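Next come the chains, spelled out residue by residue.
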Amino acid sequence: MFYQKTIEQIKTDTRPSSAGAKAFYNNPKYRGWIYQSLLLIFLIAFFYSIISNTLSNMAAQGIKSGFGFMTTSAGFDVLMSLIPFETTDSYTKVFIIGILNTILVSIIGVICSTMLGFIFGIAYFSRNWLIKKISIIYVETFRNIPVILQVLFWYTAVLTTLPSTRDSLSIGEAFFLNIRGLYIPRLIDEPKSFVVYIAIVIAIVAIFFLRRWARKRQDLTGEQFPLIWSSLGILLGLPLLALFIAGVPFHFEYPELKGFNFQGGINVIPELMALAIAMSIYTGAFIAEAVRAGIQSVPHGQTEAARSIGLKERKIMSLIIVPQAMRVITPMLNSEYQSLVKNTTIATAIGYPELFTVFAGSALNQVGQAIEMMFMSLAIYFALNMMISFIMNQFNKRVAITTR
Amino acid sequence: MNTDHQASIHNMNEDIIVIKNLNKWYGNFHVLRDINLTVKKGERIVICGPSGSGKSTTIRCINRLEEFQRGSLTVNGVEMIDDVKNIEAIRKEVGMVFQHFNLFPHLTILENLTLGPIWVQKKPKEEAKAIAMKYLERVKIPDQANKFPGQLSGGQQQRVAIARSLCMSPEIMLFDEPTSALDPEMIKEVLDVMVELADEGMTMLCVTHEMGFAKTVADRVIFMDGGEIVEQNTPDTFFDHPETDRLQLFLSQILQH
Amino acid sequence: MPIKEFKPLPAQPAPVSTTGPIAWLKNNLFSSPFNIVATLLILSGLFLILPGLIDWLFISANWTGTTQDACVDDGACWVFIRAWSQQIFYGSYPSGELWRVNLCLFLLAVVIYLSFILPINLRNKVAIPAFLALPFVCLLFLDGRYLGLEYVNTDYWGGFSLNILLAAASIIIAFPFGFLWALGRRSNLPFAQSVSVICIEFFRGTPVLALFFMGSVMLPLFFPEGVTVDKLLRVWIILILFMSAYMAEVFRSGFQAIPNGQYEAADSIGLGYWQKTFFIIFPQVIKVSMPNILATFIMVFKNTVFLLVIAVPEILQVILGALTNSKWLGGHATEGFLFVALVFWACCYSMSMLSTSIEKKLDTSHKH
Ligand SMILES: Nc1ncnc2c1ncn2[C@@H]1O[C@H](COP(=O)(O)OP(=O)(O)OP(=O)(O)O)[C@@H](O)[C@H]1O
Ligand SMILES: [Mg+2]
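Residues numbered from 1 in each chain as written. Chains lettered and ligands numbered in written order. Predicted model: local features only at pLDDT ≥ 70, side-chain atom pairs only at ≥ 80, totals over all residues. Heavy atoms only, no water.

## Brief notes about the packing of aromatic side chains
Part 1: Under the defined criterion, the tally for this structure stands at 40 aromatic pairs over all chains.
Part 2: Geometrically, the ring pair formed by A:Y138 and A:F142 is tilted, given 5.5 Å between the ring centres and 50° between the ring planes. Taken together, the residues A:Y138 and A:F142, both in helix α5 (residues 129–142) and four residues apart, mark about one turn of the helix.
Part 3: What makes A:F142 partly exposed here is its relative accessible area of 26%.
Part 4: Put simply, the rings of C:F89, C:F160, C:F297, C:F301 and C:F344 touch in pairs and so form one group of aromatic residues. (Phe/Tyr/Trp six-rings, centres within 6.5 Å; stacked < 30°, edge-to-face > 60°. Helix = DSSP H or I, 4+ residues; strand = E, 2+ residues; numbered from the N terminus. Buried < 20%, exposed > 50% of the residue type's maximum accessible area, 1.4 Å probe, protein only.)

## Thoughts on the interface of chain A and chain B
Part 1: Of the residues lining the interface, 27 residues belong to chain A; the matching set on chain B comes to 27 residues.
Part 2: In this assembly, chain A packs against chain B so that about 2600 Å² is buried in total across both faces, 62% of it on carbon and sulfur atoms.
Part 3: When the buried surface of chain A facing chain B is broken down by residue, A:E304, A:S308 and A:I309 rank first, second and third, together holding 23% of it.
Part 4: Here chain A and chain B share two salt bridges between them.
Part 5: The partner of A:D219 in a salt bridge is B:K125, with the nearest N and O atoms 3.8 Å apart.
Part 6: Taken together, the connections running from chain A to chain B amount to seven residue pairs in polar contact (both at pLDDT 80 or more).
Part 7: Mapped by element, the contributors of at least two residues to the side of chain A that touches chain B are α7 (194–221), α10 (300–308) and α11 (313–343) of chain A.
Part 8: For the side of chain A that touches chain B, the element with the most residues is α10(A), which contributes seven residues. (Contact = heavy atoms within 4.5 Å. Buried area = accessible area lost by both parts, 1.4 Å probe. Salt bridge = Lys/Arg side-chain N within 4 Å of Asp/Glu carboxyl O. Polar contact = N/O pair within 3.5 Å; in protein donor to acceptor, adjacent residues only side chain to side chain.)

## Brief notes about the sheet that holds strand β5 (residues 78–79) of chain B
Residues and elements named next belong to chain B.
Part 1: Spatial strand order, β2-β1-β4-β5: four strands in an open sheet with antiparallel pairing. Looking at strand neighbours, the two that pair on one side only are β2 (29–40) and β5, the edges of this open sheet.
Part 2: Where strand β1 (residues 15–26) and β2 come together, eight bridges link them in antiparallel fashion. Along β2, the bridge assignment pairs K24 with L32. (Pairing = 2+ DSSP bridges.)

## Some words on the site of ligand 1
Residue and element names in this part refer to chain B.
Part 1: As a structural note, the neighbourhood of ligand 1 is formed by Y26, F29, V31, P50, S51, G52, S53, G54, K55, S56, T57 and E177.
Part 2: Between ligand 1 and S51 there is a distance of 2.6 Å, counted from an oxygen atom to a side-chain nitrogen or oxygen.
Part 3: Protein coverage of the free-state accessible area of ligand 1, which is 630 Å², stands at 59%.
Part 4: Looking at the shell around ligand 1, the elements with two or more residues in it are β2 and α2 (55–62).
Part 5: Element by element, the count of residues in the shell around ligand 1 is highest for α2, at three residues.
Part 6: Broken down by class, the residue content of the shell around ligand 1 amounts to four nonpolar, six polar and two charged. (Near = heavy atom within 4 Å. Areas by Shrake-Rupley, 256 points an atom, 1.4 Å probe, with all protein chains shown as cover. Nonpolar A, V, L, I, M, F, W, Y, C, P; charged D, E, K, R; others polar.)

## Points about the interface of chain C and chain A
Part 1: Taken together, the contact pairs 75 residues of chain C with 77 residues of chain A.
Part 2: In total, about 6600 Å² of surface goes out of reach between chain C and chain A, with carbon and sulfur atoms giving 68% of it.
Part 3: For the chain C face of the interface with chain A, the top three residues by lost area are C:L221, C:Q256 and C:K302, together amounting to 10%.
Part 4: Where chain C meets chain A, there are zero salt bridges.

## Considering the pairing of strand β4 (residues 70–75) of chain B
Residues and elements named next belong to chain B.
Part 1: In this structure, β1 lies alongside β4, joined through five bridges in antiparallel fashion. Each bridged residue has a counterpart across the sheet, and for I19 the counterpart in β4 is L73.
Part 2: One ladder, built from two bridges, connects β4 with β5; its direction is antiparallel. Within β5, the residue paired with T74 across the bridge is E79.
Part 3: What sits between β4 and β5 in their antiparallel hairpin is a turn of two residues, with N76 showing a positive phi close to 50°.

## Some points on helix α2 (residues 33–59) of chain C
Residues and elements named next belong to chain C.
Part 1: Relative to the 39 Å expected for 27 residues at 1.5 Å per residue, α2 spans 37 Å between its end C-alpha atoms, a close match to the ideal helical length.
Part 2: By the largest-angle criterion, I49 marks the main kink of α2, which is about 30°, and a proline, P51, follows within four residues.
Part 3: Listed in full, the buried residues belonging to α2 are N35, A38, T39, I42 and L57. (Expected span 1.5 Å × (residues − 1). Bend = angle between axes of the 7 residues up to and from the residue.)

## Section: the sheet that holds strand β8 (residues 266–268) of chain A
Residues and elements named next belong to chain A.
Part 1: Within the open sheet, the four strands sit side by side as β1-β2-β3-β8. Their pairing is antiparallel. Of all the strands in the sheet, the pair left with one neighbour each is β1 (169–171) and β8. The average angle at which neighbouring strand axes cross in this sheet is 15°, direction not considered. (Axes fitted to C-alpha atoms, helices over the stretch in contact; angles between N-to-C directions.)

## A look at the UniProt feature "transmembrane region" (unreviewed entry) in chain C
Residue and element names in this part refer to chain C.
Part 1: On the UniProt side, "transmembrane region" (unreviewed entry) is annotated at positions that read residues 34–54, 99–119, 126–142, 162–183, 195–221, 233–251, 293–316 and 336–358 here.
Part 2: A distance of 25 Å separates the end C-alpha atoms of residues 293–316, which is 54% helix and 0% strand.
Part 3: Note that residues 336–358 is 100% helix and 0% strand, and that its end C-alpha atoms are spaced 33 Å apart. (UniProt positions renumbered as here; feature names shortened; annotations may be inferred.)

## A few points about the confidence of the model for chain C
Part 1: Here chain C averages 89 in pLDDT, and 98% of its residues register 70 or above.
Part 2: Model confidence for the complex is summarised by a pTM of 0.90, with the ipTM given as 0.92. (pLDDT = per-residue confidence, 0-100.)

## Side note on the nonpolar core
Part 1: Core analysis: the largest hydrophobic core is formed by 210 residues, its most contacted members being A:F359, B:L205, C:F212 and C:L316.
Part 2: Setting aside residues up to four positions removed in sequence, A:F359 forms contacts with A:F69, A:M70, A:Y91, A:V94, A:F95, A:E354, A:L364, A:M373, A:M376 and A:S377.
Part 3: Grouped together as the second largest cluster of nonpolar side chains are 50 residues, B:F101, B:V139, B:I162 and B:M211 included. (Core = buried A, V, L, I, M, F, W, Y, C linked by side-chain atoms within 4.5 Å.)

## Let's talk about a positive patch on the surface
Part 1: Taken together, A:K312, B:K85, B:K92 and B:K122 make up a surface patch of like positive charges.
Part 2: If you trace the backbone, B:K122 turns up in the loop between α4 (109–119) and α5 (125–138).
Part 3: Judged by relative accessible area, B:K122 falls into the partly exposed class, the value being 39%. (Patch = residues over 30% accessible without salt bridge, like charges linked within 9 Å, V, L, I, M, F, W, Y side chains within 5 Å. Lys, Arg positive; Asp, Glu negative; His and termini not counted. Charge placed at Lys NZ, Arg CZ, Asp CG, Glu CD.)

## Considering empty space enclosed by the protein
All names here are of chain B.
Part 1: Summed over the entire model, instances satisfying the criterion amount to three cavities of 30 Å³ or more.
Part 2: For the second largest cavity, the calculated volume is near 40 Å³.
Part 3: Around the second largest cavity, the lining residues are R138, V139, L166, V193, E196 and L197.
Part 4: Here the lining of the second largest cavity gets three residues from one element, more than from any other, and that element is helix α7 (residues 184–199).
Part 5: Across the lining of the second largest cavity, the residue classes tally to four nonpolar, no polar and two charged. (1 Å grid on protein atoms, 1.4 Å probe; cavity = no way out; pocket = protein on both sides within 12 Å on 5 of 7 lines; lining within 4 Å. Points joined across faces, edges and corners; volume = space filled by probe spheres on them.)

## Some points on the state of the cysteines
Residues and elements named next belong to chain C.
Part 1: Going through the model one piece at a time under the given rule, you end up with one disulfide over all chains.
Part 2: C138 provides the cysteine sulfur closest to C104, a residue in no disulfide bond, and the two sulfurs are 3.6 Å apart.
Part 3: Distance from the sulfur of C347, which forms no disulfide, to the nearest cysteine sulfur (C348) is 6.4 Å.
Part 4: The exposure class of C347 is partly exposed, given its relative accessible area of 23%. (Disulfide = S-S within 2.5 Å.)

## A word on the UniProt feature "domain: ABC transmembrane type-1" (unreviewed entry) in chain C
Part 1: When the UniProt feature table is mapped onto this chain, "domain: ABC transmembrane type-1" (unreviewed entry) is found at residues 160–355 of chain C.
Part 2: Along residues 160–355 of chain C the backbone is 80% helical and 0% strand, and the end-to-end C-alpha distance reaches 22 Å.

## Structural notes on the confidence of the model for chain A
Part 1: In the predicted model, chain A carries a mean pLDDT of 87, and the fraction of residues at 70 or more is 92%.
Part 2: Of the regions scoring below 50 in pLDDT, residues 1–21 of chain A engages in 39 contacts with residues more than four places distant in sequence or in other chains.

## Focus on a nonpolar patch on the surface
Part 1: The grouping of A:Y30, A:I34, A:Y35, A:L38, A:I41, C:L180, C:W274, C:F278 and C:F279 at the surface amounts to a nonpolar patch, some 960 Å² of accessible area in total.
Part 2: Put simply, the parts of the chain that give the nonpolar patch at least two residues each are α3 (29–61) of chain A together with α12 (273–303) of chain C.
Part 3: One can find C:W274 in helix α12.
Part 4: Taking the relative accessible area as the measure of exposure, C:W274 reaches 33% and is therefore partly exposed.

## As for the packing of helix α6 (residues 154–166) of chain B against α7(B)
Residue and element names in this part refer to chain B.
Part 1: The interhelical angle for the contact between α6 and α7, taken along N-to-C directions, is 20°, at an axis separation of 8 Å. Judged on the interaxial angle alone, α7 and α6 are roughly parallel. Note on packing geometry: the crossing formed by α6 with α7 is right-handed. Taken together, the residues of α7 that come into contact with α6 (itself represented by G154, G155, Q156, Q158, R159, I162 and L166) are M186, E189, V190, V193, M194 and L197.
Part 2: Its residues assigned to classes, the contact of α6 with α7 comprises seven nonpolar, four polar and two charged. (Parallel < 35°, antiparallel > 145°, perpendicular 65-115°, else oblique. Left-handed = near helix turned anticlockwise from the far one by under 90°.)

Put into C-alpha cells, the structure is as follows:
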C-alpha cells in the first residue's frame, strides 16, 4: 500500500508545500538569492566552457555544424522501411523511416504488452491455483531479467535457429516462418472492395447510435440491452454481409519461394519480431503487476457491499471494481508505455532500423554531427512520450474519481 | 410488494429466517457451532457478544457473504443452497449495512443509491432517482445527493449506506456494528434512523454494542460467545436477569465502561 | 433465579469435504468447468515441456570439461559457462590481481551490512561517509597506480563485478545529487527550481541508451582539446546523472510522505535550513524511500547491461564475445543467455523481496 502511494506521488506534480515555505522564512530572504546567483554563475561558466570546448574540438576535427546534411543523400540501405527507400535518398528520409519504425514497434509493443499485462494481472485473482502461480511466475521472471538480454535471447537463441527459407515452417502454404522472419499473405483490394470498407464505417456508426439508444431506453424503461454481444454482432455481421454481397472483392497475395527467397506477401523481419516479442513480454510483466496492484487497491468491502445490494458478479466487476482499479492503473500504464518507447532504443543491439539505430547510429557515424543528430532524435522521444502522457491523461480524466 | 410489506407489520407469526444447526469452519477453525435461530417477520433482534465470537460471521451467512459447511438456512422461504439463482433471490430480500459504510467512492450519493434499482431491479432512471430521493429524505440528507462519499461525515455516510439498502426495498435489514466506527455525536443520528426503521416494522438483525438501543428497540437480544448462541431473551430479562454466568460476566464488563 | 454455568460446545473437526487434500484439489484446481479445462490444459502443457526441458538443462547436460569438445551429450553445454567463468565475473582483469575486485565487492557488502545493523545515531555519522567514500576507495584499488599496486587499465575491468560495482558506485554518488535536485524542485526559489526540473525531466525522459551514446559521441567534445577522458569514467558520469534524476523523484515522494509535524518540530528547536534538512529530514526521507530506492537500484542494475551497445565488457558483452570465439563456435547462445538471466534474476528478485519486506515493515510502523 505504502509503496503504491509513493509511486502515485512520484507522478503527481509538486504540491505547494507549506513546510518548504516556512523553512525559508526562517532564513533571511536574500540567502535564497545568493544561492541562485551562485547557481547562475556556475551554470554560465559551465556552459561557456562546454560550448567553447565543443566549438574548438569541432573545428579541430573538421566537424561541420548546421542542418545541411539533411538534404544530402544517405548512401546506405535500410533493412526495413514502411515507405519506399533507396540508397540515394536523403538523411531526412532516413530520419522519417527511423521515426516510423520506432512508432511501429512501439504500437505493437503497447498493444501486446497491454493484452499480456491485463491477462496475467487478472489471472492473479483466479481461483485456479495453477493459473495464479503462472501469473506470479510470469511477472517475477520477466521483470527481473534485463530487457536487452531478452531481446538478444529471442533474436540469437530462438529466431536465428529457425530453418532456412527452403525448409520453412509453414501453415497452409500461406504463412511461412524461417530465418528471414515471418511471411504472411497481403490483402489486395479490388475495385469493389470499397463496399466492405463502407460497411465497416456504417457498423461503427451504428454501434455508436445503438449505445445511445440502449442507454436512453434503459433510462426510460429500465430494460437492459446486451450491448457487447449485439455490438460484436454488428461489427462482424455487417462487413461479412457486404463482403458476400460484393462477391468477396479481395484476394490475397501469398508469399512464394522464388529462388532463394520469398516474394510477395508481407515480411516481418526477425529483428522486428524479436524486439516486439521481448518488449511485449517485459513491459507486460510490469503492466500485470500494475493491474494486480490496481485491483488489490479496491477494498473487499466494495465487493461485499455490491453483493449485498444484489448485483451480479459481472456487473460488480464492470461497475465497481474496474472503475476504481483503473484510477490506480492508468498512471502506472502511462509510465510503462513511456519506458517502452524509450526501451525501443535497444533495437541497436540487434540492428532493427528504428530511429536510434538508423539515425543516431548509422547516419551519425557517416555525418559525424553528434550534437544536431542526437538532439533531433531526443526531441522525437520527448514528443512521443508527451503524446502518450497526453492521451493517458485524457483517459485518466474519464476514469478518475473527482474526490477523495 | 409494498402492500405485502405493510400487511406483514401486524402479522408477526410468519418465520422469515430459519437457521438450523448451522456450522461453519475457517479452515480448521470452528467459527460457528450449531447455530439455531428463527426470526419472525417484523422482529427486531440485537446480537451482542465479545469480539471474535462470530456475530458478524453469523449475519454474513444470511446473505451469503460467507459460506457455511453444515446445517440449513432459509430466508423468506428460499433455501440457501449453492445455486446462483437462490443466492440472488435471497440477496434481493436482504439489505446490509456495514461497519465501514462501504459506499462506492467513485459514484455520487445519488448514483450509489440508484445503482441497485437500475441494475438489479431494472427500474427506469427517473423512477430510481425518485426512490433514491425518497430514502435520502428519510435519512435527512437530500441536500447531499450530488456529493461524493468522501465529502460526507461518517454519520452521513452511514445514513447513506442505510438508504442505499432501503432503496432495494428489502424484507430484512442486517446491521453489522453500524455505529462502532463513528464519533459519539454521529452515533445518535444513525441510531435515530434505525429506531425509525424499527418503528415501521422492518425485520432487523443488528450486531451492536449500543445497549440503550437494544433495551428500547429490540424484541429479542441474543448473546454469542465462542461461535455459539449462549442465551437469547427479551431485553428486560436479558439485562436484568441473565441466565448464565457467561452473560453475567459480559454484562458486568460492559457496565464498567 | 439460579445462574446456569455456561459450558462451551466442543470444537468439531471440519468436515473432510472442506479441508484435506481432496477438498484442496477440488477448490483450487477443479472448482468449475472452466477451471477443470484450464487445469487439464496447463498440466498437459507442463507434461509436454518439462521432461524435455529438465533433460536438456540437467540430465543430458554436459557439466565437466574445459573445451568445447567435452560437450558430447545432447543437453546444455554448461562447460561453456565453466570455461568462461572467470571472464564472466571479472572480465579481463589480471588473474593475479582478482583479490582487488573481491575486496571491493566485500567492502560494498560490509558497508551495506553496517548501514543495517548500526544504531541510528551512528548510522548517519559512520555509514553515510563510508558509503560516499566507497566508490573512490574501490577506484584506488582497482586502478592500483596510487597504491603502489600493479596498474590495471579500465579496458581490462569487466564482467559481472563491473555491473555490480558500476551500479553501486552510480547510485551512491547519485544520492547527494538526487537529494539536491529534489530540494531544488521543492524550493520556492524560481530559478533553482526550474534548473532542477529541467535536469530531472531531461534525464528521466531520455532513453538510457541514448545517454550512453551521448556519453561516447558527445561528451568527448565537451572536454578541453587534448584531454581524453576514460570511457568507463564517462559511463559513470552518465549513470550518475541518470540515477540522480530518478533518485530526485524518489526523494520528492519521500518528502511528501513525511508528516508536516516533523518540519514544525525542527523549526521549533531553532535549527537552520541546512541543519534541519540534513539532521532531521534527510534520515527520515531515506527511511520512507527505501523501497523506492531499491526499485531504482534494480532498474539501474538491469540497465548496466545496455552498456554492451557501446562495447563496455560487462557480463553480457563477455558472453557475446565468447560466442564468437573461434574455439566456441558451437552455438551456446542459449546457455550463455540463460546463465546471465539466472544471475540477474537471482539478484533482482532477492532485492525486490527485500524491498517488499521493508515496505511491509514501514507500513505497519506507520499505523502505530
Ligand atoms: N476470513 C477469515 N479467515 C479466518 N478466520 C476468520 C475470518 N474472518 C473471521 N475469522 C475469525 O472468526 C472469528 C469470528 O469472527 P467474527 O468477525 O464473526 O467476530 P465478531 O463477533 O464479529 O467480532 P467483532 O466484534 O470483533 O467484530 C474470529 O475469531 C475471527 O478471527
Ligand atoms: Mg464483527
